[in-house]
Amino acid sequence: MELKKMQKQPDKLCLVVPCYNEESILENSASQLLAKLASLRESHLAGAGSFILFVDDGSKDRTWEIIAKLHADHPAEVSGLKLAANRGHQNALLSGLLAAGKEADAIISLDADLQDDIDVLDQFMRESLAGCDIVYGVRSDRSSDSFFKRFSAESFYRLLSVMGVKTVFNHADFRLMSRRAIEALSAY
């Protein structure tokens, strides 16, 4: 009898995108993310039912209206979560992660302006399929950032290090978390 290695089925993926006053870039970002989601499915890196969850953090502009239209145009691939008021980026991100963790096997958080390279999502999903519960996206090049942004980011990471906080330098909010990791996070 020959035993064959079972290959894990592609995960149902959710891209969590916190949004605050993003009307000027949201349609373009959504278009790129929808194309990337299709590519991940075609490559068998993301499973059927994978979707994007836009979290509106109390925007004052047309952000929610755009999310609602994207959902109407792509009901199976775009969902929205509207917070009652602006609660800050981290609270919007956490709300999206917890909501997505109820439906998806793998959750990737990224900024609405797509400042991080979405082509890296293929590698994130390969790592997820290999069994990783958390995959960090770490920026290797900050040359496109302004001097102030580079200086403040580097100062922030150095300050945390001096205080004894264990961090991954330059990783920000660009990461993949498994449902299991989200469930552990929700226990806090």
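Residues numbered from 1 in each chain as written. Predicted model: local features only at pLDDT ≥ 70, side-chain atom pairs only at ≥ 80, totals over all residues. Heavy atoms only, no water.

Colleague: When you look at the packing of helix 3 (residues 89-100) against helix 6 (residues 179-186) in this model, what are you seeing that I'm missing?
Modeller: Helix-helix packing is described using two parameters, namely the angle between the two axes and the distance between the axes. Interaxial distance between helix 3 and helix 6 falls to 9 Å at its minimum, and their mutual angle equals 125°. Put simply, helix 3 runs oblique to helix 6. As helix 3 packs across helix 6, the resulting crossing turns out to be left-handed. Side by side, helix 3 and helix 6 meet where L94, L97 and L98 of the first sit next to I182, L185 and S186 of the second. For the contact of helix 3 with helix 6, the class distribution of residues is five nonpolar, one polar and no charged. (Axes fitted to C-alpha atoms, helices over the stretch in contact; angles between N-to-C directions. Helix = DSSP H or I, 4+ residues; strand = E, 2+ residues; numbered from the N terminus. Parallel < 35°, antiparallel > 145°, perpendicular 65-115°, else oblique. Left-handed = near helix turned anticlockwise from the far one by under 90°. Contact = heavy atoms within 4.5 Å. Nonpolar A, V, L, I, M, F, W, Y, C, P; charged D, E, K, R; others polar.)

Colleague: Got a minute to help me understand the pattern of salt bridges in this structure?
Modeller: All chains considered together, the criterion is met by nine salt bridges. In this structure, the salt-bridge partner of R62 is E23, at a minimum N-O distance of 3.5 Å. Linking R62 in the loop between strand 2 (51-56) and helix 2 (63-73) with E23 in the loop between strand 1 (13-19) and helix 1 (26-42), this pair joins segments that are 39 residues apart in sequence. Here R180 makes a salt bridge to D133, at a shortest N to O gap of 2.3 Å. Taken as a pair, R180 in helix 6 and D133 in the loop between helix 4 (121-129) and strand 5 (134-136) lie far apart in primary sequence, 47 residues in all. Take D133: its relative accessible area is 23%, and that puts it in the partly exposed class. Members of the salt-bridge network, linked through shared partners, are E23, R62 and E65. (Salt bridge = Lys/Arg side-chain N within 4 Å of Asp/Glu carboxyl O. Buried < 20%, exposed > 50% of the residue type's maximum accessible area, 1.4 Å probe, protein only.)

Colleague: How should the packing of aromatic side chains be read in this particular structure?
Modeller: Two numbers describe a pair of aromatic rings. These are the distance of the centres and the angle of the planes. All told, the structure shown has one aromatic pair when counted by the stated rule. With 5.0 Å between their ring centres and 40° between their planes, F124 and F174 make a pair best called tilted. Of this pair, F124 sits in helix 4 while F174 sits in the loop between helix 5 (147-162) and strand 6 (175-178), and the two are 50 residues apart along the sequence. Exposure remark for F124: the relative accessible area of 2% places this residue in the buried category. (Phe/Tyr/Trp six-rings, centres within 6.5 Å; stacked < 30°, edge-to-face > 60°.)

Colleague: In this structure, what is going on with helix 2? I would like to understand it.
Modeller: Every α-helix carries 3.6 residues per turn, so stepping three or four residues along brings you back to the same face. Buried residues of helix 2: T63, I66, I67 and L70, and no others. In a view along the axis of helix 2, the buried residues occupy a sector of 100°, so they form one face of it. More than 90 degrees from the buried face of helix 2, the exposed residues found are E65 and A72. Packing partners of the buried residues in helix 2 comprise strand 1, helix 1, strand 2 and strand 3 (78-82). (Arc of directions from axis to C-beta.)

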